[in-house]
Amino acid sequence: MRLGGCNLTCRWCDTPYTWDWKGESDTGVAYRAADELHALTVTEVTERLLGFGVELIVISGGEPLSQQDRVLPVVQALAERRVGVEFETNGTVVPRDALVASGARFNVSPKLAHSGVAEDRRIVPEALRRFGQLPGVSFKFVCGDLDDLAEVEELVERFGLSNVWIMPRGQSPEEIDQGMRALADDVITRKWNLSGRLHVNVWGSKRGV
């Protein structure tokens, strides 16, 4: 489930249609919120998600934790049906205790300098420290080169992060493959995890529905 709106403006964002109403990303396209965002009730959302018949729902964005109070009833309803929930978040918003208590998991992806976002906006110590205290949390960083890995290492040491994943930056299979080869040895040396982008390998940059 993809929510609209984001508190960051990453220039290379691959889903700018969720937040970019001014043409701030590299695409230069100013999307219309009226075209991209669709209001649904808690019941409508819950029924649609249960209709997939899956055991895990991933809630992404945009930045989904900006709407965590609104989405909490959906998460709780899914939990009652034994459907797990994982949030993909940029790590700048502190999760509410009620959301944590619901059993939701978090895949935290702090943004690096190459995002073009000022550090005081993209790195929120209070939030990262809170996520670091939660069980089952993953920290995923999008990296383009070895300098990015050095920046990740500084954040890992600064905030005591664990379960670190590195994902190559790119929106085509060729870019992902090249990134994997460029980063793999140094990621392994640091004893981190390396992840590709399976949906890009299968569908390229085609937008989902």
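Residues numbered from 1 in each chain as written. Predicted model: local features only at pLDDT ≥ 70, side-chain atom pairs only at ≥ 80, totals over all residues. Heavy atoms only, no water.

### Focus: the state of the cysteines
Linking two cysteines covalently through their sulfur atoms gives a disulfide. Going by this rule: Pairs of cysteine sulfur atoms within 2.5 Å are identified as disulfides in what follows. Buried means the residue's accessible area, taken with a 1.4 Å probe over protein chains only, is under 20% of the maximum for its type, while exposed means over 50%, and partly exposed covers the values in between.
All told, the structure shown has zero disulfides when counted by the stated rule. Lacking any disulfide linkage, C13 is separated from the closest cysteine sulfur, that of C10, by 6.4 Å. With no disulfide of its own, C143 lies closest to C10 among cysteine sulfurs, the gap being 13 Å. Relative accessible area serves as the criterion here: at 1%, C143 is assigned to the buried category.

### A look at the sheet that holds strand 5 (residues 164-168)
Defined as follows: Two strands qualify as a pair provided that DSSP identifies no fewer than 2 bridges between them. Put simply, DSSP H or I for four residues or longer makes a helix, DSSP E for two residues or longer makes a strand, and each gets a number counted from the N terminus. In this analysis, two residues are considered to be in contact whenever any of their non-hydrogen atoms come within 4.5 Å of each other. Whenever a helix is involved, its axis is fitted only over the stretch in contact; in every case the axis is a line through C-alpha atoms, and angles between N-to-C directions fall within 0 to 180 degrees.
Read from one edge to the other, the open sheet built from six strands follows the order 1-2-3-4-5-6, with strand pairing classed as parallel. One side of each edge strand has no neighbouring strand; the edge strands of this open sheet are strand 1 (56-59) and strand 6 (193-194). Two elements, strand 3 (residues 105-108) and strand 4 (residues 138-143), share two bridges in a ladder whose sense is parallel. Its bridge partner being in strand 4, V108 is matched across the sheet by F139. Strands in contact with helix 8 (residues 173-189) are strand 4, strand 5 and strand 6; relative to strand 5, the strand with the most contacts, it is inclined by about 145°.

### A word on the environment of C6
With respect to the helices and strands, C6 occurs in the segment before helix 1 (33-36). Sequence separation between C6 and G28 is 22 residues; the distance between their C-alpha atoms is 17 Å. For C6, the contacting residues outside a window of four places in its chain are W19, G62, E63 and N90.

### Thoughts on the environment of D20
Quick note on the threshold: Two N or O atoms form a polar contact when they lie within 3.5 Å of each other; inside protein one atom must be a possible hydrogen donor and the other a possible acceptor, and for residues adjacent in sequence the pair counts only when both atoms belong to side chains.
Looking at the secondary structure, you find D20 in the segment before helix 1. The class for D20 is buried, based on a relative accessible area of 0%. C-alpha of D20 to C-alpha of Y31: the two residues are eleven residues apart in sequence and 5.9 Å apart in space. Not counting the four nearest positions on each side in its chain, D20 is found in contact with S25, V29, A30 and Y31. A polar atom in the side chain of D20 sits 3.3 Å from the backbone nitrogen of K22. A distance of 2.9 Å separates a polar atom in the side chain of D20 from the backbone nitrogen of S25.

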